[in-house]
Amino acid sequence: MVVKGRTLCQILLGCCAVVMLSSRVTAPSALQRFDQPRTVSYTADIVVNGRWLLPRDMFGHVATKPPLVNWMAVPVVALGFWQEWAVKWPMVAGTLLTTALTVTIARNLFRQIPEIAIVADEAAFIAGAAWLVNPANMTMIYHCRPDPVLVLFLTAAWMFATAIICENEPNKINIGGFSIAIGLAALTKGPAALVPIIYLPLAAWIIRGRAGFIRRGHWWWVILVGIGIFSLWAVPTAIRYPAPFFKDLVGRELIGPTLGLDHQFGGKRYTGGPMVAFKLILQTPVWFVQRFLPWSIPSIGALCAIGWKRWFQHPLAPAILWIFLVLAFFGLAVRKNADYILPAYPAAAILAAYFCATYLRRFRVRLWQVAALALVLALGLSVKHFRKTGKDRGGENLKLFACEVESRIDNEPVVFIGTGYNTLQFFLRRHQPGAPTAEQMAAAKWVIMPLRDDTPAELESSLVTKNQEMQFVLGLYRMENVRALIHPDAPPNLGRRPRS
């Protein structure tokens with residue numbers, strides 16, 4: 001019976017992954033939403049212009065995060081796959097590998113708990129399903145942002161750090177794995193790599209009761225290796241691009257939003273100093289409950305069942321400590337975002353699975369039935385996603401227009417004027433950071449810009465995404481027909497023609 005239940009849970013988890021991923025891939029494109037066009041444009045800048053250290057977006061603004069995710073996508077795009085999946089495969093891989101890590105960690109922890117040791121494998125697959133099937137991952141599994149890759153590296157670092165603390169003789173694989181994981185996490189999203197670094201001494205002190213345990217993990221050597229990996233990018237970037245590195249990345253993206261000191265670096269959004277962070281500190285746990293539904297409920301139930309006095313004496317203490325640390329770390333920053341707490345979900349999924357394996361079993365609810373409910377949830381989230389994305393065809397229209405333009409202009413030079421915040425340039429296998437230069441204007445045979453009323457276009461798009469939910473109509477023009485019209489001295493007339 002145990003073997004049968006384990007097999008069913010494993011199959012149902014696989015079905016959940018297939019449903020989640022296939023629904024995102026086949027649904028209308030949402031690539032134009034939020035910061036995704038910027039991430040895509042960084043990859044294009046690396047491939048087209050060879051700017052590996054600090055790529056630029058379509059407006060010429062430099063990257064605001066380390067480019068590891070873009071480096072991962074570059075080889076696939078460079079092979080000629082200028083398609084949506086090519087820039088999103090790191091996020092898919094990150095989500096699925098995190099699922100595998102969650103199952104592995106959960107199995108190891110559950111085998112230490114006598115009451116559920118016999119169903120440890122089944123419960124571990126439930127933990128994987130809980131991590132994978134929730135509203136947050138319905139978006140993130142195919143969302144072109146570094147968060148899923150960051151979660152993978154942070155989860156790996158948490159796993160290795162727990163092994164260093166809890167095992168009698170931590171081996172070199174755990175020590176080296178921890179160093180590499182925090183280094184890669186830093187190359188993915190910078191400051192978030194501090195979370196496992198803080199976790200290691202906290203776990204030694206709170207869980208093992210002796211801070212001296214961290215010496216067994218060669219603490220300083222481990223940290224130095226992680227810093228060294230990050231420095232392979234940070235040092236050359238600081239030397240090659242000192243102004244954008246220190247003012248934009250360090251100042252506006254790190255110090256300003258974290259400490260509320262945006263005004264010190266020319267920003268106006270995050271001001272008021274560090275104390276501003278406490279005004280919305282409860283927003284982080286609220287996001288946790290909302291974005292991790294329905295699994296946030298059994299995870300909280302597990303905390304209640306264990307009892308706060310036993311939280312850090314229980315075999316699940318590493319998961320409990322990790323959740324609180326992630327929520328506290330990102331809750332104390334002035335800039336808050338629901339996606340930032342995604343690294344807490346694997347540990348929370350383990351608590352939810354524990355609750356299902358203990359409390360629900362009293363009501364004769366079997367674990368494979370919980371896995372079946374996870375599959376139903378995956379189907380429900382997929383239907384909801386299809387309904388949501390089906391209302392906006394701007395992304396699909398943009399890809400169709402790019403395909404028509406590519407077949408018309410072939411490899412002839414083209415410039416982009418006022419084409420908006422979208423991925424048009426990527427789908428045309430080009431990248432123009434900012435306004436076209438005089439040299440580009442002189443060499444161009446074609447120009448793409450918002451539809452004009454004063455001259456006919458060679459091609460005309462349907463409504464495409466301009467910026468988030470704003471849409472407009474683009475036109476492809478021969479440069480010889482509009483050169484005088486778009487000259488700097490000519491009056492601007494970049495409106496959009498109403499469409500029936």
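As shown above, the structure is provided for reference.
Model, not experiment: these values are computed from the prediction.

**Q** So, the overall build of the protein: which residues are in play, and what are the values?
**A** The secondary structure content of the protein amounts to 20 helices and 6 strands. Here the protein holds 500 residues, and the buried ones make up 54% of them. Accessible surface, the protein as shown: approximately 22500 Å² in total, 63% of it carbon and sulfur.

**Q** Lay out helix α16 (residues 367-389) with the relevant residues and their values.
**A** Its 23 residues give α16 an end-to-end C-alpha distance of 33 Å, which sits within 8% of 33 Å, the value for a rise of 1.5 Å per residue. The complete set of buried residues in α16 reads L367, V370, A371, A374, L375, A378, L381, S382, H385 and T389.

**Q** Lay out the pattern of salt bridges in plain terms, naming residues and giving numbers.
**A** Within this structure, the stated rule accounts for 16 salt bridges. The salt bridge involving K88 is made with E84; its shortest N-O contact spans 2.6 Å. Separated by 4 residues within a single helix, K88 and E84 lie in helix α4 (residues 84-110), roughly one turn from each other. Here K88 matches E84 in class, with each residue buried. Ionic pairing is found between D454 and R452, a salt bridge with its closest N-O pair at 2.9 Å. Look at D454 and you get partly exposed, because its relative accessible area is 40%. Note on R452: relative accessible area 2%, which makes it buried. Each of R6, R107, R111 and D121 takes part in a single network of salt bridges with overlapping partners.

**Q** I'd like a description of the environment of V103, backed by residues and values.
**A** With respect to the secondary-structure elements, V103 resides in helix α4. Sequence separation between V103 and I126 is 23 residues; the distance between their C-alpha atoms is 8.1 Å. With residues up to four places along the chain from it excluded, the contact list for V103 reads L13, A124, F125 and G128.

**Q** Tell me about a nonpolar patch on the surface, and name the residues and values.
**A** A cluster of nonpolar side chains, L79, F81, W85 and W89, forms an exposed patch at the surface whose accessible area comes to about 420 Å². Structurally, the position occupied by W89 is in helix α4.

**Q** An account of the packing of helix α7 (residues 147-166) against helix α9 (residues 194-206) is needed here, citing residue identities and associated values.
**A** Where α7 contacts α9, the two axes come as close as 10 Å, and the packing angle between them is 25°. Accordingly, the angle class assigned to the pair α7 and α9 is roughly parallel. Taken as a pair, α7 and α9 cross one another with a handedness that is right-handed. Packed against α7, whose contacting residues are L154, A157, W158, A161, T162, I164 and I165, the element α9 presents P196, Y199, L200, A203 and A204 at the interface. The residue inventory of the contact of α7 with α9, partitioned by class, reads 11 nonpolar, 1 polar and no charged.

**Q** Report on helix α13 (residues 296-306), specifying residues and quantitative values.
**A** Within α13 the residues assigned to the buried category are S296, P298, S299, G301, A302, L303 and I306. Packing partners of the buried residues in α13 comprise α12 (283-291), α14 (317-331) and α15 (345-358). Immediately beyond the C-terminal end of α13, within one or two residues, lies G307, with a positive phi of roughly 90°.

**Q** Tell me about the pairing of strand β6 (residues 474-478), residues and numbers included.
**A** With respect to burial, β6 is a largely interior element, 4 of its 5 residues being buried. Relative to β6, strand β3 (residues 459-460) is paired through 2 bridges, and the arrangement is antiparallel. Following the sheet pairing, E460 is matched in β6 by G475.

Rules and cut-offs
- Residues numbered from 1 in each chain as written.
- Predicted model: local features only at pLDDT ≥ 70, side-chain atom pairs only at ≥ 80, totals over all residues.
- Heavy atoms only, no water.
- Helix = DSSP H or I, 4+ residues; strand = E, 2+ residues; numbered from the N terminus.
- Buried < 20%, exposed > 50% of the residue type's maximum accessible area, 1.4 Å probe, protein only.
- Areas by Shrake-Rupley, 256 points an atom, 1.4 Å probe, with all protein chains shown as cover.
- Expected span 1.5 Å × (residues − 1).
- Salt bridge = Lys/Arg side-chain N within 4 Å of Asp/Glu carboxyl O.
- Contact = heavy atoms within 4.5 Å.
- Patch = residues over 30% accessible without salt bridge, like charges linked within 9 Å, V, L, I, M, F, W, Y side chains within 5 Å.
- Axes fitted to C-alpha atoms, helices over the stretch in contact; angles between N-to-C directions.
- Parallel < 35°, antiparallel > 145°, perpendicular 65-115°, else oblique.
- Left-handed = near helix turned anticlockwise from the far one by under 90°.
- Nonpolar A, V, L, I, M, F, W, Y, C, P; charged D, E, K, R; others polar.
- Pairing = 2+ DSSP bridges.

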